[in-house]
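Breakdown of the fold
Chain residues, written in single-letter form:
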Amino acid sequence: MGDLANSAVDFYPKSQRRELNHAGGLGCTLPELRGLMELRGAEALQKIQDGYSDISGLCRRLKTSPTEGLSDNAADLEKRRQIYGQNFIPPKQPKTFLQLVWEALQDVTLIILEIAAIISLGLSFYAPPGEETEGDLLPADGVLIQGNDLKIDESSLTGESDHVRKSVEKDPMLLSGTHVMEGSGRMVVTAVGVNSQTGIIFTLLGASGEEEEKKDKKGKPQDGVVENIQNKAKKQDGAVAMEMQPLKSAEGGEMEDREKKKTSAPKKEKSVLQGKLTKLAVQIGKAGLVMSAITVIILVLYFVIQTFVLDGRVWLAECTPVYVQYFVKFFIIGVTVLVVAVPEGLPLAVTISLAYSVKKMMKDNNLVRHLDACETMGNATAICSDKTGTLTTNRMTVVQAYLGDTHYRQTPEPGSLTPRILDLLVHAIAINSAYTTKILPPEKDGGLPRQVGNKTECALLGFLLELHRDYQPVRDQLPEEKLYKVYTFNSVRKSMSTVTRLPQGGFRVFSKGASEILLKKCSNILSSSGELRGFRPRDRDEMVKKVIEPMACEGLRTICLAFRDFAAGPEPDWENENDIVGELTCIAVVGIEDPVRPEVPEAIRKCQKAGITVRMVTGDNINTARAIAAKCGILQPGEDFLCLEGKEFNRRIRNEKGEIEQERLDKIWPKLRVLARSSPTDKHTLVKGIIDSTIGEQRQVVAVTGDGTNDGPALKKADVGFAMGIAGTDVAKEASDIILTDDNFSSIVKAVMWGRNVYDSISKFLQFQLTVNVVAVVVAFTGACITQDSPLKAVQMLWVNLIMDTFASLALATEPPTESLLLRKPYGRNKPLISRTMMKNILGHGVYQLSIIFTLLFAGEIIFDIDSGRNAPLHAPPSEHYTIIFNTFVLMQLFNEVNARKIHGERNVFQGVFGNPIFCAIVLGTFGIQIVIVQFGGKPFSCSPLNAEQWLWCLFVGVGELVWGQLIATIPTSHLKCLKEAGHGPGKDEITDEEMAEDEEEIDHAERELRRGQILWFRGLNRIQTQIRVVKAFRSSLYEGLEKPDSKTSIHNFMTTPEFLLNDYTHNIPLIDDTDVEESEAARRPPSPPPTPNKNNNAIDSGVYLATDDGSKSPTSAGPASPLHSMETSL
């Protein structure tokens, strides 16, 4: 059909666009078509009738033929491209290498080192005199002109897992990015490129390169984009969109200035670890600067007093170059102290740890797109997960069956069934299904067979394969064209029947359908021997009670398979379906579901142990969602939880104006575990509400899973967005931080382990390096001030830096994660990077090392009976004295590196050491190189060879580090109140203007409006409402049984937690195939509450029916239909 591409980038004022389009001679404007494609169902049909009279009228306005499409006129096609653009979404430009280098150079530690390097470089010029799904994909948006049994998979856009039937009469709107699953059709294209629904979401996520450039030029968001955000909440079932509209601000000028500031200075919020490391680096830099300044001051004063006071010398002009040389030497010593104090290996350790983790996570099916997402996941406190494909296998499967008087809770063994029952079962399923439905071999070795066609029928065919029976020979024997008559499935009869001729004459009817419908039409049932037995109403009631209801309680879709034989003779009236599909014989009743992945319950249990709350956000119905959540372990018996549908969720979090209120949301999300029938906007609202909430001690860190285009905004908003690698759309992947290559929830748990491991690895490295830094700074400072020289020479310091930076980074940052990481709560944003236990280890080992170094420095020549290395002449050969000091210092660091493997006070520092071959290789390799340096380094390394006895003493002192570590572990940290923590996350008062602007960008317009003074007015009004409500509640008999006023602190009345029985709730027994049911609004309402009294009002309102042991009456909720609500609204 027409190449009606929209130019993604050019946004014009409406009047200008209208002129442009009409000047082109076409009858539809670009915004007109975009607005049309945002409507669904009856609303879209009404719009087409009002604006164009019918779809043919739309084609006439677009000057295209509903049968022939556009002409091959090149000029006409080019004109349309100019007006509507091309069907192309320009990719986002990747960052250049220089941009990546520039971003890396913004690290605080590197900035300090850069300054020191510039100073050192400047000083070097001074010299003294003389010296990186199945189905047809719809490429564009359009309106259906003609269709034949067309079904579309819109899950990528709407999140609805069931296929959507499209027809010219009821719902003709087709969207780009969706898949044609069944049938065929013809459509007129109305939007392409970035003006299609997929393109609009790409644009909103900033995934379009040209769009981004346009935003940079114009400096503010486009009107069309804002309009589209507001319309995204409109659902296919015709539900009214509850997304609030932006309010006009009286302070428009200030708002514009803020918008300009946001666009001119974009700033991404730092990750938890980045924030803490930046703050710690600044603190260490300040401390190092103070130490270096003190060193320089002491050296200068020492020299001046010694030279000009004690020695009584006079400053002579000819001696000035000599004195300046002394001062330059002192300054270089000060810079050396600063460089030693700064943990320059920290950025390297972070990079190595993240890069190593990312590489290993790939093996755990986590493809990391943004490095910082790796460690952020370690601090996750909440996970909002999809159901289909993530928690479940996304494959409808028969999990229970009633065959031959036996209820099988697993697939029965073929040998346990009689041949007659098996034969009838194979024929009933193979013949009475669409022949286009089939099970194909897996695409990859070891994969699962592919399901093609109707999901329910695929489950039945898969059941045959599990019984070691093949359906294809039956179909080959009886091709589709030889079927005598087929009664297709529809929402009225809720069954499907197929009539076949029997070889010996007569006919056989196979029927399948919703069990509660088809069982009423059965007069016989197959016994265990395969013989017919009478099936009376009393038998049917017993089967419903013992088989069907238990299946339904577990969230299974129950389907009855039956048959009937007609003897040879006059043919019955095939048009009278009610008579034909009657007097049936029941073959089997099966329970079908999309089963929970076997590893998911254990993964969720691990998350809960790790302090992470898992919530299910799904487009499926609440009964199925609740049952799956119970099987996964998201819902626990006895837990006070909420299960809500999207509409109820919106009703509770919005005020009378339809605006989202954070206070209302804060009463919902802590107890919310399941959000069913949710739209993409609901998901985004929930994620944003949890992140913006301030009711906890610290901000929640939220991870979100998504696979559809509609999940893009939520994935972008979340701290960590997980996209599905198999089922995920390009938009979802573009918006995500990590891609799950196996679409499995258990891979998220591995991401949590790796994230926490990164955090611990950095802490281990910090514990090790800061110990070295403290010792090196004190030794350099003391040595310079007392002996006018450093015991550790420049080349030796370089080797020590190499050990404690590069090698230690590799050794400690490559520790593999363990299950024990999941046994503690998340660190959180405010918990310090260096705990008091770590500070105890740093200072404790520092004391040990300094004691040894100073003992060797001032008494080493006496202990070893060697010449002193202190006050040696300028060009004296290397001394054994200072070589022993250097060797002992390095060996102490090596053994302390083993201590640094544990940061939580564990005693066994060798646990798991052989599981990290990199660590073992680095420690042994460093020790080998140290032997070579000491024995053969000579003058370049300022080393003199040591004998065996001296080496043993150095080793003895080094091993003493391990013993000393055990002594330190014995001291309880709780008794050391004087120790301070370091490396806290940035406090609330330290948030920069840019970060505030970034936060403001996420705040809804209505929330901004409320924060401009009117909030006091609304609070006052709400208090008056509450007071009047309480008074009226006591005065009027209308409100008898209303909850007590003091219980209004909660969104609903939570009394003492009863013992919930998860298997005692009421169910709608699902139909044979929800995909074919054209649901009305009434049909979608939750069922009425069960007669069983229930104290948990939340469960009642949300359709979650949990029986309690108590029989007290439940309080009445002030719902929208109550007089109480009317009074509040009138106020």
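Computed from a predicted model, the values in this text were never measured in an experiment.

Let us now look at the overall build of the protein chain. Per the secondary structure count, the protein chain includes 39 helices and 24 strands. For the protein chain, the computed accessible surface area is about 51,700 Å², with 57% contributed by carbon and sulfur atoms.

What follows deals with the packing of helix α33 (residues 880-899) against helix α34 (residues 917-936). Interaxial distance between α33 and α34 falls to 11 Å at its minimum, and their mutual angle equals 175 degrees. When the interaxial angle is binned, α33 and α34 end up roughly antiparallel. Only Phe919, Ile922, Val923, Thr926, Phe927, Gln930, Ile933 and Val934 of α34 make contact with α33, whose side of the interface consists of Thr883, Phe886, Asn887, Val890, Leu891, Leu894, Glu897 and Val898.

What follows covers the nonpolar core. Ranked by internal contacts, the top residues of the largest apolar core, which has 115 residues, are Met377, Phe722, Phe745, Leu766 and Phe886. Broken down by element, the residue count for this core peaks at 20 residues, all from helix α30 (residues 745-787). Here Met377 is in contact with Ile383, Ala703, Val720, Phe722, Ile748, Ala751 and Val752, once residues within four sequence places are set aside. Among the nonpolar cores identified, the runner-up in size contains 37 residues, and Ile431, Leu464, Ile587 and Ala588 belong to it.

Attention now goes to the pairing of strand β13 (residues 495-501). Taken across its seven residues, β13 has six buried, putting it largely inside the fold. Sheet topology note: the strand β12 (residues 485-487)/β13 ladder contains three bridges and is antiparallel. Along β13, the bridge assignment pairs Lys485 with Val499. The pairing of β13 with strand β14 (residues 507-514) spans seven bridges and is antiparallel. Counterpart to Thr498 in the pairing with β14 is Phe510.

Take the side chain of Glu961 next. Among the secondary structure elements, Glu961 is positioned in helix α35 (residues 948-970). One buried charged side chain, Glu961, makes no salt bridge at all; its nearest oppositely charged neighbour is Lys840, positioned 13 Å away. When neighbours within four sequence positions are excluded, Glu961 is seen to be in contact with His845, Tyr848, Gln849, Met892, Phe895, Asn896 and Asn899.

On to the packing of aromatic side chains. Under the defined criterion, the tally for this structure stands at 21 aromatic pairs. Measuring from centroid to centroid gives 5.8 Å for Phe308 and Trp315, while their planes differ by 20 degrees, and the two rings are stacked. Aromatic pair Phe927 and Trp951: ring centres 6.4 Å apart, planes at 85 degrees, arrangement edge-to-face. Remark: Trp951 occurs in helix α35 and Phe927 occurs in helix α34; sequence separation between them is 24 residues. Under the relative-accessibility criterion, Phe927 is labelled partly exposed at 26%. Over the ring of Tyr435 we find Arg475; its NZ or CZ atom is 4.8 Å from the centre of that ring. Positioned above the aromatic ring of Tyr827 is the side chain of Arg824, whose terminal nitrogen or guanidinium carbon lies 4.3 Å from the ring centre.

Together, Phe97, Leu98, Val101, Trp102 and Leu105 line one region of the surface with nonpolar side chains, adding up to about 570 Å² of accessible area. Along the polypeptide, Leu98 turns up in helix α6 (residues 97-104). Taking relative accessible area as the criterion, Leu98 reaches 66% and is therefore assigned exposed.

Here we take up the environment of Glu182. Checked against the element boundaries, Glu182 lands in strand β5 (residues 179-191). C-alpha separation for the pair Glu182 and Asn454, spaced 272 residues apart in sequence, amounts to 8.7 Å.

Turning next to the pattern of salt bridges. Counted by the stated rule, this structure contains 28 salt bridges. Note that Arg409 is salt-bridged to Glu554, the shortest N-O span being 3.2 Å. You can see Arg409 sitting in the loop between β9 (406-408) and α17 (419-431) and its partner Glu554 sitting in the loop between α21 (537-553) and β17 (557-566), a full 145 residues away along the chain. Across the pair Glu648 and Arg652 runs a salt bridge, and its minimum N-O distance is 2.7 Å. Placement of the pair is Glu648 and Arg652 together in helix α25 (residues 646-653), with a separation of four residues, close to one helical turn. A relative accessible area of 3% means that Arg652 is categorised as buried.

Moving on, we get to the confidence of the model for the protein chain. Mean pLDDT over the protein chain: 75, with 75% of residues reaching 70 or higher. Here residues 1-23 is modelled with pLDDT under 50, and outside its nearest four sequence neighbours on either side it reaches 65 contacts, counting other chains as well. Taken together, the stretch residues 207-268 has pLDDT below 50 and engages in 110 contacts with residues farther than four places along the chain or on a different chain.

Across the eight residues of β14, eight count as buried, placing the element largely inside the fold. Summarising the sheet, β14 and β17 pair through eight bridges and their orientation is antiparallel. Directly across from Phe510, in β17, lies its bridge partner Phe563.

Moving on: the sheet that holds strand β23 (residues 720-724). What the eight strands build is an open sheet, ordered β6-β24-β23-β22-β7-β19-β21-β20; its pairing is mixed. The open sheet has two edge strands, β6 (366-368) and β20 (642-645), and neither has a second partner. Strand after strand, the sheet turns through a mean of 20 degrees between neighbouring axes, direction not considered. Each of β20 and β21 (672-676) is contacted by α25, which is oriented at about 105 degrees to β20, the strand it contacts most.

Moving on, we come to α34. Between the first and last C-alpha of α34 there are 28 Å, a value that for 20 residues agrees with the 28 Å anticipated at 1.5 Å per step. Following α34 by one or two positions, Gly938 adopts a phi angle in the positive range, close to 60 degrees.

Now for α21. In the structure, α21 departs most strongly from a straight axis at Val544, where the bend amounts to approximately 40 degrees. Here α21 has its buried residues at Arg540, Met543, Val547, Ile548, Met551 and Ala552. In this structure, the buried residues of α21 make contact with β8 (397-403), β9, α20 (515-518), β15 (522-526), β17 and β18 (584-593).

Moving on to the packing of helix α23 (residues 600-609) against α30. Put simply, α23 and α30 touch, their axes get as near as 8 Å, and they point 30 degrees apart. Looking at the two axes, α23 sits roughly parallel to α30. Taken as a pair, α23 and α30 cross one another with a handedness that is left-handed. Counted together, Val600, Ala603, Ile604, Lys606 and Cys607 of α23 and Phe745, Ser746 and Val749 of α30 form the full contact between these two elements. Split into classes, the residues belonging to the contact of α23 with α30 amount to six nonpolar, one polar and one charged.

The backbone of Asn394 sits at a positive phi, close to 60 degrees, despite the residue not being glycine. Notably, Glu583 is not glycine yet its phi reads approximately 55 degrees, a positive angle. Position of Glu583 among the secondary structure elements: in the loop between α22 (577-580) and β18. What makes Glu583 exposed here is its relative accessible area of 53%.

Let us now look at the environment of Gln410. Among the secondary structure elements, Gln410 is positioned in the loop between β9 and α17. Placed twelve residues apart in sequence, Gln410 and Val398 show a C-alpha to C-alpha distance of 8.6 Å.

Let us look at the environment of Lys671. Mapped onto the secondary structure, Lys671 falls in the loop between α26 (662-668) and β21. Residue classification places Lys671 among the partly exposed residues on the basis of a relative accessible area of 26%. In this structure the C-alpha to C-alpha distance between Lys671 and Phe641, which are 30 residues apart in sequence, comes to 4.9 Å. At a separation of 3.2 Å, a polar atom in the side chain of Lys671 contacts the side chain of Asp640.

Calculation criteria
Residues numbered from 1 in each chain as written. Predicted model: local features only at pLDDT ≥ 70, side-chain atom pairs only at ≥ 80, totals over all residues. Heavy atoms only, no water. Helix = DSSP H or I, 4+ residues; strand = E, 2+ residues; numbered from the N terminus. Areas by Shrake-Rupley, 256 points an atom, 1.4 Å probe, with all protein chains shown as cover. Axes fitted to C-alpha atoms, helices over the stretch in contact; angles between N-to-C directions. Parallel < 35°, antiparallel > 145°, perpendicular 65-115°, else oblique. Contact = heavy atoms within 4.5 Å. Core = buried A, V, L, I, M, F, W, Y, C linked by side-chain atoms within 4.5 Å. Buried < 20%, exposed > 50% of the residue type's maximum accessible area, 1.4 Å probe, protein only. Pairing = 2+ DSSP bridges. Lys, Arg positive; Asp, Glu negative; His and termini not counted. Salt bridge = Lys/Arg side-chain N within 4 Å of Asp/Glu carboxyl O. Phe/Tyr/Trp six-rings, centres within 6.5 Å; stacked < 30°, edge-to-face > 60°. Lys NZ or Arg CZ within 6 Å of the ring centre and 35° of its normal. Patch = residues over 30% accessible without salt bridge, like charges linked within 9 Å, V, L, I, M, F, W, Y side chains within 5 Å. pLDDT = per-residue confidence, 0-100. Expected span 1.5 Å × (residues − 1). Bend = angle between axes of the 7 residues up to and from the residue. Left-handed = near helix turned anticlockwise from the far one by under 90°. Nonpolar A, V, L, I, M, F, W, Y, C, P; charged D, E, K, R; others polar. Polar contact = N/O pair within 3.5 Å; in protein donor to acceptor, adjacent residues only side chain to side chain.

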